[in-house]
Amino acid sequence: MQQNKTLSISVLSGKGGVGKSNIALNLGYCMFRGGFPLLLMDCDLGLANLDVLLGIAPENNMQNLLDSDMDARDIAVHIEPGGFDFLPAASGVPELVEMDAELRAMLFRKLTPLFSRYDYLFMDLGAGITPTVLAFAAMTHVRLVVVTPEPTSLTDSYALMKVLSTQHGVKDFYVIVNQAEDKKEEDITFRRLAAACDRFLGFTPTLLGGIRLDKMVPESVRRQKPLLKLAPTSPAAQDLFALAVKLQRLHGTMGQRIAAGPFLTDVAGNFE
Amino acid sequence: MRKTNDDTTAEATSDQRTAIPEDMRDLTVELEALQQLLLQHSAAQSDNNAGGSSAPAGLVAITRLFPGMSIEQWRALAESHGLHEWLALSLDKSSFLNLRHLQRALEELAHQSEHDPLTGLVNRRAFERRLHMEAERVERSNGNVCLAVLDIDNFKQVNDTYGHPCGDEVLCGLSGVLEETKRAYDVAARLGGEEFALLLPGATPLRAKSMVERVLHAFGQHHFACEGHAPFACTFSGGVACLRGNDSLGIAQLMELADQALYEAKRAGKNRIHIARQRQEIEYDRSTMVHSNEKQFLFSGIE
């Protein structure tokens, strides 16, 4: 069996509007600049937005895989030459949000030939605790849970982790605290979430790091450019870069485990 | 007459389809239903005969008169609907008239046996047949169907106060509202006396309740003016019970549940719809639910 080198990472949050897509995009951009080819997948099926953040209007998307004979390699868009590829999803298609296990398996059968080209697979998941979000999150090697200091963001991400751990047996999560005013707020936010997980769910998530509140972030969204390209020295860009470095280290330490298994693991029968 | 079926579902070209006049649509629907039924029958027959010696073969001709159709038109119809195994016979004037008379009599009898003469709604017998068909469909397709049983409030009082002809007007009034308000594929029936029923395929209990409440509202707007009396309005009470594909409820139990819900609606003060208390067969997983003490802990660190 061919050895797998691709690390799959899902970015999730429970609550919408906490910066998931932007984080997935910029972490991906960091990897690309570091010389690691990656595929950024818009897995917010039905309400896709990454194309907007990238300032592109892709002709095809994952929906085409389900209703035509198209090859996944023809759907992927090259954002930057040399290994920054993007797989768009459809917007306004409610059927995709409610994908069942059979349809998911079909989608991933078609996507698998594409995956091996990359070092990283970033999956930007939708908000909510839909079966699609749960199944995708359970399948990846690494789960990045994005929270903001807002109480509703805390409860939503906690609820998501609770469902994933009780229903899918997933108990390892990396937390990213986004939009924190300062280090102190970042600490409080993470510690509250970690303490509740420890107390009620029986596991402690790991803090991957924080991203400071930075007015250049909305600016990069308006300009439809990755923050790390537009303002690489801004505070949030530096934080994102630090997170990317940590993920690379993680990739190194997980090397053995990844090599033995598939790109995505079948947890609780969600993937074939 | 019908011979062996080789399952030819003819793909009709669009111009052949357009060759069928509008007024023959009903006939094609009827033919398709009959074809389906005969297909099921012949499948059941061959199941029964499997392994056995040759069964005594019956021979039956199924005849349906259709005035106003020429042999040429039938040919076009047979072509477009894959009815090649059906035989069409042209009738001369005298035999046609006699047979037509017979057919009319049959149609009238068939209608009478399935409909309530006063309101024109289907009667209990026909309703129960539809209910059985619907229950079978629900089981096959794992869908659901709701049954609503309605009973006009204080109907005896209406009869006593305003007289029986006026009572009949109220009964016809409700049947009119039912016909107007229901969806095309719902079935409205008069079960007897002042008791009516509505069969709502595909409806969930809450949806069924709101649909029947719409009927109740429309009925309440109706004012009956009977000779020598001031106009008055009537209400009814209703009980709703539902059948889901995965539950083991029988028709009799479904009727009983709807009747119980109706009784409760009457006891609660009439002029309302109650949903039967049925065991929820699908239970959701409570283990994933976030409880208030967990939220409390998230926000304050204290339980």
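Computed from a predicted structure; not experimentally measured.

Student: Honestly, the sheet that holds strand S4 (residues 236-244) of chain B in this entry has me stumped. Any pointers?
Tutor: Pairing between the strands of a sheet comes from backbone hydrogen bonds, and it takes one of two forms, parallel or antiparallel. Residue and element names in this part refer to chain B. Taken in spatial order, the five strands of this open sheet run S2-S3-S1-S4-S5, and their pairing is mixed. Only two strands of the sheet have a single partner each, and these edge strands are strand S2 (187-192) and strand S5 (273-275). Each adjacent strand pair in this sheet contributes to an overall mean axis angle of 20°, direction not counted. The pairing of S4 with S5 spans three bridges and is parallel. Looking across to S5, one finds that Val240 is bridged to Ile275. Along the sheet face, helix H5 (residues 124-141) touches strand S1 (144-152), S2, strand S3 (195-201) and S4 and points at about 135° away from the line of S2. Most of the contacts of helix H8 (residues 205-221) go to S4, to which it runs at about 155°, and overall it touches S1, S3, S4 and S5.

Student: Would you take a moment to explain the interface of chain B and chain A for this structure?
Tutor: Facing 10 residues of chain B, the contacting portion of chain A comprises 15 residues. Looking at the side of chain B that touches chain A, its residues break down into four nonpolar, three polar and three charged.

Student: Could you clarify how one ought to interpret unusual backbone geometry in this entry?
Tutor: Outside of glycine, negative phi angles account for most residues, and trans bonds account for most peptide bonds. One non-glycine residue, A:Gln224, lies in positive phi territory at about 55°. Overall, the presence of 13 C-beta atoms within 10 Å leaves A:Gln224 in the partly exposed class.

Student: What should I look at first to understand the pairing of S4(B) in this one?
Tutor: Along a regular strand, successive side chains alternate from one face of the sheet to the other. Residue and element names in this part refer to chain B. Of all nine residues in S4, eight are buried, a share of seventy percent or more. With nine bridges joining them, S1 and S4 adopt antiparallel strand pairing. Each bridged residue has a counterpart across the sheet, and for Asn144 the counterpart in S4 is Arg244.

Student: Quick question: what am I supposed to make of the packing of helix H6 (residues 155-162) of chain B against helix H7 (residues 164-181) of chain B here?
Tutor: For any two helices packed against each other, the geometry is given by the interaxial angle and the distance between the axes. Residue and element names in this part refer to chain B. Where H6 meets H7, the closest approach of the two axes is 7 Å, and the angle between their N-to-C directions is 140°. Taken together, H6 and H7 sit at an angle that is classed as oblique. Residues Phe155, Val158, Asn159 and Tyr162 of H6 form the contact with H7, whose own contacting residues are His164, Cys166, Gly167 and Val170. Taken together, the residues of the contact of H6 with H7 sort by class into five nonpolar, three polar and no charged.

Student: What exactly am I supposed to notice about the confidence of the model for chain B here?
Tutor: In regions of low pLDDT, the predicted coordinates are not meant to be interpreted in detail. All names here are of chain B. Looking at chain B as a whole, its pLDDT mean stands at 84, while 86% of the residues score no less than 70. Highest mean pLDDT in chain B belongs to S3 (97); lowest belongs to helix H1 (residues 14-18) (42). Ignoring residues within four places in sequence, the model shows residues 1-18, a span with pLDDT below 50, making 23 contacts including any to other chains. Both scores are given for the predicted complex: the pTM is 0.58, the ipTM 0.77.

Analysis parameters
Residues numbered from 1 in each chain as written. Chains lettered and ligands numbered in written order. Predicted model: local features only at pLDDT ≥ 70, side-chain atom pairs only at ≥ 80, totals over all residues. Pairing = 2+ DSSP bridges. Helix = DSSP H or I, 4+ residues; strand = E, 2+ residues; numbered from the N terminus. Axes fitted to C-alpha atoms, helices over the stretch in contact; angles between N-to-C directions. Contact = placed C-beta atoms within 7 Å. Nonpolar A, V, L, I, M, F, W, Y, C, P; charged D, E, K, R; others polar. Buried ≥ 20, exposed ≤ 12 C-beta atoms within 10 Å, placed from the backbone. Parallel < 35°, antiparallel > 145°, perpendicular 65-115°, else oblique. pLDDT = per-residue confidence, 0-100.

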